[in-house]
Each structure stands twice: as C-alpha cells, then as structure tokens.
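These are the residues of each chain, in order.
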Amino acid sequence: MDPEGKRAGKVRRKVVGIGDNSADRGYLDGQLLIAMPVMGDPRFERSVIYLCAHSAEGAMGIMVNRPASSIEFPELLVQLNIIKKADQIKLPENAEGMKVLRGGPVDTGRGFVLHSSDFHIENATLPIDDKICLTATVDILRAIAKGTGPKHAILALGYAGWAPGQLETEIQDNGWLHCDADSDLIFGGDVEEKYTRALRKIGIDPGMLSNEAGHA
C-alpha cells in the first residue's frame, strides 16, 4: 500500500505510468480480459483481469481470480499495525472474509484495493466506472477494519502491466477475450471458478474455445 497517500490519487501516471484517457475512444478501461488457451505466458494462464487503465501509453489491470496463498487479510492488517493480533477475532464480517489476491507480476509489494463506488477517499480513490473504483492507500484498509469501508472490495498484491501497444497486439494475436465487467464476478466468492464464470458470461464453453475471435 501507499501509507502516505502521496501517489495514490495519480495511479495512472505515478504508480503505473499511464496517462488519463477519459477523453479517448476505443480503449478498454473497466472491461474484463479473459485469457485464451493459447496464452503463451504461464503467469496469465486461465486468468481474469479487470482493466483499470488503458491508453496510448499502455495498460494496467488487476487479476481477480488468483488467491494469494501466503497471507490472509486479518494477518495483513496485523503486519501493517492496523490492528493488534488479539483483535483479529473482532473484525467485521466484510474484513474477516475479504479476499487477498495476486494482482499480477508487477510491483508485488504494493497493495491495490478494487472496491465498490460507495466509498471514496479524496485525492486517493480513482473511479474506473460507475460501479468500481481503485484505491491504493492504507487508509482504505483501516476503514475496512473498522467496518466503515466499501460494501465490496478485494485486495490485490501487484498488478499486470502492458507497454504502449502491447495489449492491443496480444488481443489481435488471440491471447485475450474482452467483455463488459461484472461486479458480482469481480467481488464474488469461489475465486477459482471465476475463469469459467467469465467465459459463460459471454456465452462460451471453455471446451469450445478456438484461436479465432479476439473480442466478445
């Protein structure tokens, strides 16, 4: 996380190096990327990625279906001195069950919280679309621990990043399908089932995938 919040409000430029593209057309902010079977990178095999930023300067997204097996959310709160170890059993339900995911192979020491739009921190929260926001300061973790955070949230360690034009090339090479985001899929349980659920959302049987369409 970014404890001081100095960079969190400039996620695209400062954290990921991607400029604001709100006036652009043809980019995929707020959509889901679904890895095709021909995906050559094992780090993204069967991955579902929520695309937070996409412009001529590159792209940044968060994998939403890879659990971080090394740590649970209450343990992370203790490590960050947000709560005491003895207080883990007193956490609100949303905090106790919050998912910690591997967001991607880049900057894995940083935490990024994807969350519902009912929560906002001035100069720190980046709205992605009408329903989903991204916050990268420790303040949101404090709010979740107190029960005053967003209704829905996941914490991702690291992110997936693409250089200018790289994502477009991978889509053209049939590495990814893309479709509208689904809040229930992003924040829902059964993390390991999200890949199949994402494919079914766009009417695709995983056993029938081919190398043809690069979009949905």
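Right above here is the structure, for reference.
As the structure is a computational prediction, the values presented were derived from the model and not from experiment. (Residues numbered from 1 in each chain as written. Predicted model: local features only at pLDDT ≥ 70, side-chain atom pairs only at ≥ 80, totals over all residues. Heavy atoms only, no water.)

Peer 1: Explanation requested: the packing of aromatic side chains in the structure shown.
Peer 2: How two aromatic rings sit relative to each other is set out by the distance from centre to centre and by the angle between their planes. Counted according to the given criterion, the structure contains four aromatic pairs. Ring centres of F44 and W176 lie 6.0 Å apart, and the angle between their planes is 65°; on these two criteria the pair is classed as edge-to-face. With F44 in the loop between β1 (31-35) and β2 (48-55) and W176 in strand β9 (residues 176-180), the pair connects residues that are 132 residues apart, well separated along the chain. When sorted by exposure, F44 lands in the same class as W176, which is buried. With centroids separated by 6.2 Å and ring planes inclined at 80°, the aromatic side chains of W162 and W176 adopt a geometry described as edge-to-face. (Phe/Tyr/Trp six-rings, centres within 6.5 Å; stacked < 30°, edge-to-face > 60°. Helix = DSSP H or I, 4+ residues; strand = E, 2+ residues; numbered from the N terminus. Buried < 20%, exposed > 50% of the residue type's maximum accessible area, 1.4 Å probe, protein only.)

Peer 1: So what exactly am I meant to see when it comes to the pairing of strand β7 (residues 132-135) here?
Peer 2: Remark: a regular strand shows side chains that alternate across the two faces of the sheet. Neither face of β7 is exposed, since I132 and L134 on one face and C133 and T135 on the opposite face are all buried. Two elements, strand β5 (residues 106-116) and β7, share four bridges in a ladder whose sense is antiparallel. Note on β7: the bridge partner recorded for V113 is T135. Strand direction decides the pairing type here: strand β6 (residues 125-127) and β7, joined by three bridges, are antiparallel. Following the sheet pairing, P127 is matched in β7 by C133. Connecting β6 to the antiparallel partner β7 that follows it, the hairpin turn spans four residues. (Pairing = 2+ DSSP bridges.)

Peer 1: Help me out: how do you make sense of the nonpolar core in this one?
Peer 2: The nonpolar side chains of a soluble globular protein tend to be buried, and buried together. Counting 30 residues, the largest nonpolar core has Y50, C52, M60, I62, V64, L114 and I186 as the members making the most contacts within it. At four residues, β2 tops the list of elements feeding residues into this core. Not counting residues within four places of it along the chain, the set of residues in contact with I62 comprises V48, I49, Y50, C52, G103, F112, L114, A156, G158 and Y159. Formed by 23 residues, the second largest nonpolar core is a distinct cluster that contains F73, L77, M98 and L141. (Core = buried A, V, L, I, M, F, W, Y, C linked by side-chain atoms within 4.5 Å. Contact = heavy atoms within 4.5 Å.)

Take it as geometry only, folks, not as evidence of what the structure does.
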